Amino acid sequence: MAAQLQLSRNTHVYASDGTNYWELPVLDGFSFSQSTATTEVSVSEMADLTGVSRRGRRMFTDAFEPAEWNLQMYARPFTANSLGNHTDEVLWANFVNAGAYTSGTRLWANAITKATTTSTIDFDDSNVSALGTFTLYFVLGACGTAPASYSAGPGNPQTIYRISGAVCNTVTMDFDIDGILTLDWNGLGSLLEEIPAMPSNWHAAIIADGIPHSTNNFIRNRLTTLEVTIGNTDQDDDATTGDANADSTTGDEFMANYALTLTGGSITFENNLTYLTPEELCVVNQPLGNVTGNRNVSGSFTCYLNSGTSANTSTTGTSADLFDDLASAVNVVTNSMDLVFSVGGATAPKLVIDIPTAHLEIPTHQIEDVIGLEVNFHALPSSLDATNEATIAYHAA
């Protein structure tokens, strides 16, 4: 019998809540794996009277580690049912604990708010100890075959892997100047296994809108803009227009806003999930479920060092002003800036990330042909129990 080899580029990926099946238009380079935790017992002793010394060892499989998966997707907003949607919607819904999905209205119970051409994601419902889970299916050899005709198993065209209990752990947006906006998703799961077939009649519940062979919903990074303004009006406590004097000390004021033109940047959202696994003897233990850690939103952006003047120098600073103001604020424990990234520019399709109370680190200089600055930032909530670090809004054309 001829060998049945599978190629990564012939793969379709689906995510399911048990009722609906979202097709995920992933890029080449996806991965999934699951390893085991083992214990080694070895014998080390001196020689007996005959000169023999035992040197053996035993291996025990203690548990399955959580399955790990990674995939990349373009950010692709689209309009359906007169509402804004996006092709990675199910992953965001899991990441922010959006709850149940209603297929007839295309609405989620929480966290994702839709309007005519927009879909806005917040973290209001993400202060939970464990995230809901979904199931990931990787169908190898699926290209060119109708979903209803998938035939898996030895000697058949398709091989199907399933990750049950999947959760989204991190997602990174990287808006490189010459690329298309791509989101890098990483997650965990309870169990990775090969299955003989997809669930019965599953293909009738596939959601694949927004991923036709069209380019009108891709987002171009080069058009990205950034608005930087005072994030907390409490910083402007000396009643002087155009500065933010957080500590009433003269000489460390911030401008009201900064005019920056980006050359690149990235933002990472993290749930810091861990999986609990029991530790019983004589049993290969399975992961039980996920536990959330602290929510972390952080990133960086780069721009050229501009030491010129802005159009309105009384209120607007340059990148050189931003460096000088941050480096001079020696008594400001936590600065607060409102960062609004509009990836894709002013017109849709675009992705807008609003970080209202970002803490900026002192920029570092990049010594190249054109001197640049790299600014690291941390999205902070307004209080320890708040959930307003950021909002993400997809705008469909």
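Residues numbered from 1 in each chain as written. Predicted model: local features only at pLDDT ≥ 70, side-chain atom pairs only at ≥ 80, totals over all residues. Heavy atoms only, no water.

Notes on the overall build of the protein chain
The secondary structure content of the protein chain amounts to 2 helices and 31 strands. The buried share among the 397 residues of the protein chain stands at 45%. For the protein chain, long-range pairs separated by at least 24 residues make up 69% of all intrachain contacts whose partners lie at least 6 apart in sequence. For the protein chain, the exposed surface amounts to about 19400 Å²; the carbon and sulfur share of it is 50%. Charge-centre separation for the protein chain: the mean point of 13 positive side chains lies 16 Å from the mean point of 44 negative side chains. (Helix = DSSP H or I, 4+ residues; strand = E, 2+ residues; numbered from the N terminus. Buried < 20%, exposed > 50% of the residue type's maximum accessible area, 1.4 Å probe, protein only. Contact = heavy atoms within 4.5 Å. Areas by Shrake-Rupley, 256 points an atom, 1.4 Å probe, with all protein chains shown as cover. Lys, Arg positive; Asp, Glu negative; His and termini not counted. Charge placed at Lys NZ, Arg CZ, Asp CG, Glu CD.)

Quick look at helix 2 (residues 319-328)
Within helix 2, the full set of buried residues consists of Ser319, Ala320, Leu322, Asp325 and Leu326. Turning to helix 2, the residues buried within the fold contact strand 20 (254-255), strand 21 (257-260), strand 25 (296-304), strand 26 (316-317), strand 28 (350-360) and strand 30 (372-379).

Regarding the pattern of salt bridges
Overall, the coordinates contain 8 salt bridges when judged by the stated rule. The partner of Arg162 in a salt bridge is Glu193, and the shortest N-O contact between them spans 2.7 Å. Of this pair, Arg162 sits in strand 14 (residues 159-174) while Glu193 sits in strand 16 (residues 191-195), placing them 31 residues apart in sequence. A salt bridge links Glu389 to Arg295, with the shortest nitrogen-to-oxygen separation between them at 2.9 Å. With Glu389 in the loop between strand 30 and strand 31 (391-395) and Arg295 in the loop between strand 24 (289-291) and strand 25, this residue pair connects regions lying 94 residues apart in the sequence. As far as the burial class goes, Glu389 and Arg295 line up, both buried. (Salt bridge = Lys/Arg side-chain N within 4 Å of Asp/Glu carboxyl O.)

Some remarks on the nonpolar core
Judged by nonpolar contacts, the single largest core of 68 residues is most densely connected at Leu24, Trp92, Phe269, Leu339 and Phe341. Every residue in contact with Leu24, bar those within four places of it in the chain, is listed here: Val13, Ala15, Leu71, Met73, Thr87, Val90, Leu91 and Leu136. By size, the runner-up hydrophobic cluster in this structure holds 11 residues, among which are Tyr137, Ala142, Tyr150 and Met198. (Core = buried A, V, L, I, M, F, W, Y, C linked by side-chain atoms within 4.5 Å.)

Side note on the pairing of strand 1 (residues 12-16)
Consecutive side chains along a regular strand alternate between the two faces of the sheet. Taken across its 5 residues, strand 1 has 4 buried, putting it largely inside the fold. The sheet contact formed by strand 1 and strand 13 (residues 134-140) spans 5 bridges and is antiparallel. Bridge pairing in strand 13 places His12 opposite Val139. Across 4 bridges, the pairing between strand 1 and strand 2 (residues 21-24) is antiparallel. The residue of strand 2 that forms the bridge with Val13 is Leu24. Between strand 1 and strand 2, which pair antiparallel one after the other, the connecting turn spans 4 residues, and Gly18 there sits at a positive phi close to 100°. (Pairing = 2+ DSSP bridges.)

Examining the side chain of Asn217
Residue position: Asn217 is located in the loop between strand 17 (206-207) and strand 18 (225-230). Taking relative accessible area as the criterion, Asn217 reaches 6% and is therefore assigned buried. Only 3.3 Å separates the side chain of Asn217 from the side chain of Arg76, close enough to count as a polar contact. Polar contacts involving the side chain of Asn217 include one to the main-chain carbonyl oxygen of Gly210, which spans 2.9 Å. (Polar contact = N/O pair within 3.5 Å; in protein donor to acceptor, adjacent residues only side chain to side chain.)

Side note on the environment of Ala379
Here Ala379 shows up in strand 30. Sequence spacing of Ala379 and Ala396 is 17 residues, and the spatial spacing of their C-alpha atoms is 25 Å. Every residue in contact with Ala379, bar those within four places of it in the chain, is listed here: Val297, Ile355, Thr357, Ala358 and Glu389.

Topic: the packing of aromatic side chains
Tallied over the full model, the rule gives 22 aromatic pairs. Considering the side-chain rings of Trp22 and Tyr101, the 5.1 Å spacing of their centres and the 65° angle between planes classify their relative orientation as edge-to-face. Here Trp22, found in strand 2, pairs with Tyr101, found in strand 9 (residues 101-102); they are 79 residues apart in sequence, far enough to count as distant. For the pair shown, Trp22 and Tyr101 are each scored as buried. Aromatic side chains Trp69 and Phe134 sit 6.3 Å apart centroid to centroid with 75° between the ring planes, which places their arrangement in the edge-to-face category. With Trp69 in strand 6 (residues 67-74) and Phe134 in strand 13, this residue pair connects regions lying 65 residues apart in the sequence. Each member of the pair, Trp69 as well as Phe134, carries the same accessibility label: buried. Feature note: the residues Tyr14, Tyr21, Tyr137, Tyr150 and Trp202 constitute an aromatic cluster, connected by ring pairs. (Phe/Tyr/Trp six-rings, centres within 6.5 Å; stacked < 30°, edge-to-face > 60°.)

Details of the confidence of the model for the protein chain
Across the protein chain, the average pLDDT comes to 90, with 93% of residues at 70 or higher. Considering only residues more than four positions removed or in separate chains, one finds that residues 233-239, a stretch of pLDDT under 50, has 15 contacts. (pLDDT = per-residue confidence, 0-100.)

So, the pairing of strand 22 (residues 262-270)
The sheet contact formed by strand 14 and strand 22 spans 5 bridges and is antiparallel. Its bridge partner lying in strand 22, Thr170 is registered against Glu270. Bridging between strand 22 and strand 25 involves 8 bridges; their strand directions are antiparallel. The partner of Gly264 across the bridge, within strand 25, is Thr302.

Digging into the side chain of Ser300
Along the polypeptide, Ser300 turns up in strand 25. When its relative accessible area of 12% is taken as the criterion, Ser300 is described as buried. When near neighbours in sequence (up to four residues on either side) are disregarded, Ser300 contacts Gly265, Ser266, Glu374, Val375, Asn376 and Phe377.

A closer look at unusual backbone geometry
With an omega of 5°, the peptide bond running from Ala348 to Pro349 counts as cis. Looking at the secondary structure, you find Pro349 in the loop between strand 27 (337-343) and strand 28. With a phi angle near 70°, Ala111 is a residue other than glycine that sits in the positive phi range. Among the secondary structure elements, Ala111 is positioned in the loop between strand 10 (107-108) and strand 11 (112-114). The exposure class assigned to Ala111 is buried, which follows from its relative accessible area of 8%. Even without a glycine there, the phi angle at Asn272 is positive, about 50°. Assignment of secondary structure puts Asn272 in the loop between strand 22 and strand 23 (274-276). Residue classification places Asn272 among the partly exposed residues on the basis of a relative accessible area of 29%.

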